[in-house]
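# Secondary and tertiary structure notes
Next come the chains, spelled out residue by residue.
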Amino acid sequence: MFYEDVKLKRGDTVYGLGKEYGYKGTEWHKIWDDPKNAPLVKKRGQPEHLQVADIVFFPIPWKTVTRNLCAETRGAAFLVQRDGEPGKRMSWVQTVYQDNQPVKGTTKFCVDGCPADDNLPFYWTDGEVASPPKWIQDFSGDKKVKLSKTFGDKPSRNPPKAGQDTTKWRAIVSIAVVTDKRVTVYDSWVWGFDLTVAGKSTKVGPRAADPSEVAGHLHLLSIGLGTSADNFGKQGWTFRKPPA
Amino acid sequence: MRFIPLVMMIAAAGCAAQQGPKEGAMDSQRASKVAVVLRVRLIEHEGGNKYEWDTVHLVRVIKNESKHKFPDQFRIAHDNGEAGVPEGESTVYLEPFNETDESLWKLLGGSAATGVSHPH
């Protein structure tokens, strides 16, 4: 669990922001009553008395609860789901190492989707969040799947050509908490597949990313490209581990 | 005099059959939803990450209201987990893959179920 510090803007409420960070509306008191917010509660008394620029700490207890990885004919399929409620400020990020088979027009390392399907660093586009594609409904087995709670991917490749090494496709996927252009990344999982020249696919992982892998993941997110020429870092996005 | 037109008709029909269907190879309802409708032949399924890519050969432009001039060979995306461009020749209904790169296109609805008709 960690705290997402949020400087209030006009119109923000603990109730409304709580819903955006994955709480039920009725759970606003879990935020208000958290000891981390005690000085603010003492100062303002009631949530209705909060003022612009006050800082509220939102406890983020959500964690991945489903991590199903299967080998497929030419790749792998990975489904990840977290607990908590959906929320507009809860998302997913994934960085990918495409080894010896990068998708044409992309580099070995990239921020998924690669090539970019929008100019945001998140895995799902806003359109997909609003209306989940059929494939992820089918994959998750939930026609009403909420993509702020669910990650799914089914990467594939042709077998490497004779003379090439085994394709070692790897990715790191994380839960992302989004406050303006600051993205806090946690609960990171390494997964992927090996695909031999003979066409045999073997799943790799999932396992928790180690600190050096998380550091690389954060760096890739910063230098990753969306649909504009400037990388996400230059566009003002920042990526961090949860504050201690 | 009556024999010659009949031979010409048979020849024309044979020629049309060899080239594959033309006007009949398009679903007008789907075509109305997109800027681009093409007749293509699959070269290769490439795979991909969040999306999979199919390399195709352009057989014929049925409708192109985009500014992009499609080359003889190009790639079409579809959602991973969905069927893509089928083997052989088919009609594809394309929507832009993203908002900036005019060379990247995706099957309507991200799937052959909505973005492909008239496989041949």
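The rules behind these values
- Residues numbered from 1 in each chain as written.
- Chains lettered and ligands numbered in written order.
- Predicted model: local features only at pLDDT ≥ 70, side-chain atom pairs only at ≥ 80, totals over all residues.
- Helix = DSSP H or I, 4+ residues; strand = E, 2+ residues; numbered from the N terminus.
- Buried ≥ 20, exposed ≤ 12 C-beta atoms within 10 Å, placed from the backbone.
- Contact = placed C-beta atoms within 7 Å.
- Core = buried A, V, L, I, M, F, W, Y, C linked by C-beta atoms within 7 Å.
- Domains from an automatic or database assignment.
- Pairing = 2+ DSSP bridges.
- Nonpolar A, V, L, I, M, F, W, Y, C, P; charged D, E, K, R; others polar.

Scanning chain B from terminus to terminus reveals three helices and six strands. Counting from the amino terminus, helix and strand elements in chain B follow one another as α-α-β-β-β-β-β-α-β. Evaluated residue by residue, chain B yields a buried proportion of 34% over its 120 residues. Put simply, 61% of the contacts in chain B that link residues at least 6 apart link residues at least 24 apart.

Moving on, we come to the nonpolar core. Judged by nonpolar contacts, the single largest core of 72 residues is most densely connected at Trp92, Val93 and Ala176 of chain A together with Ile76, Val92 and Leu94 of chain B. A domain-level breakdown of this core finds at least three residues from each of domain 1 (2–60) and domain 2 (64–240) of chain A. Setting aside chain neighbours within four positions, we find Ala176 of chain A in contact with Ser91, Trp92, Val93, Phe122, Val183 and Val185 of chain A.

All right, on to the domain arrangement of chain A then. Residues and elements named next belong to chain A. Segmentation of chain A into domains returns domain 1 (2–60) and domain 2 (64–240). Here domain 1 and domain 2 have C-alpha centroids that lie 31 Å from each other. Of the residues lining the interface, nine residues belong to domain 1; the matching set on domain 2 comes to nine residues. Listing elements by their share of the side of domain 1 that touches domain 2, those giving two or more residues are β1 (2–7) and α1 (14–20).

Residue and element names in this part refer to chain A. Both strand β10 (residues 182–195) and strand β11 (residues 201–208) contribute to a ladder of six bridges, which runs antiparallel. Among the inter-strand pairings, Gly192 is bridged to a residue of β11, identified as Val204. Between the antiparallel neighbours β10 and β11 lie five residues, among them Gly199 with a positive phi of about 90°.

Here we come to the interface of chain A and chain B. Buried accessible area, meaning the area lost when the parts come together, often serves as the stated size of an interface. Across the boundary between the two partners, chain A contributes 24 residues, which contact 21 residues of chain B. Of all the secondary-structure elements, those providing two or more residues to the side of chain A that touches chain B are α5 (134–140) and β8 (156–157) of chain A. It is α5 of chain A that provides the largest number of residues to the side of chain A that touches chain B, a total of four residues. Grouping the constituent residues of the side of chain A that touches chain B by class yields nine nonpolar, five polar and 10 charged. Note that β8 of chain A and strand β1 (residues 36–48) of chain B share two bridges and pair antiparallel. Within β1 of chain B, the residue paired with Arg157 of chain A across the bridge is Gly47 of chain B.

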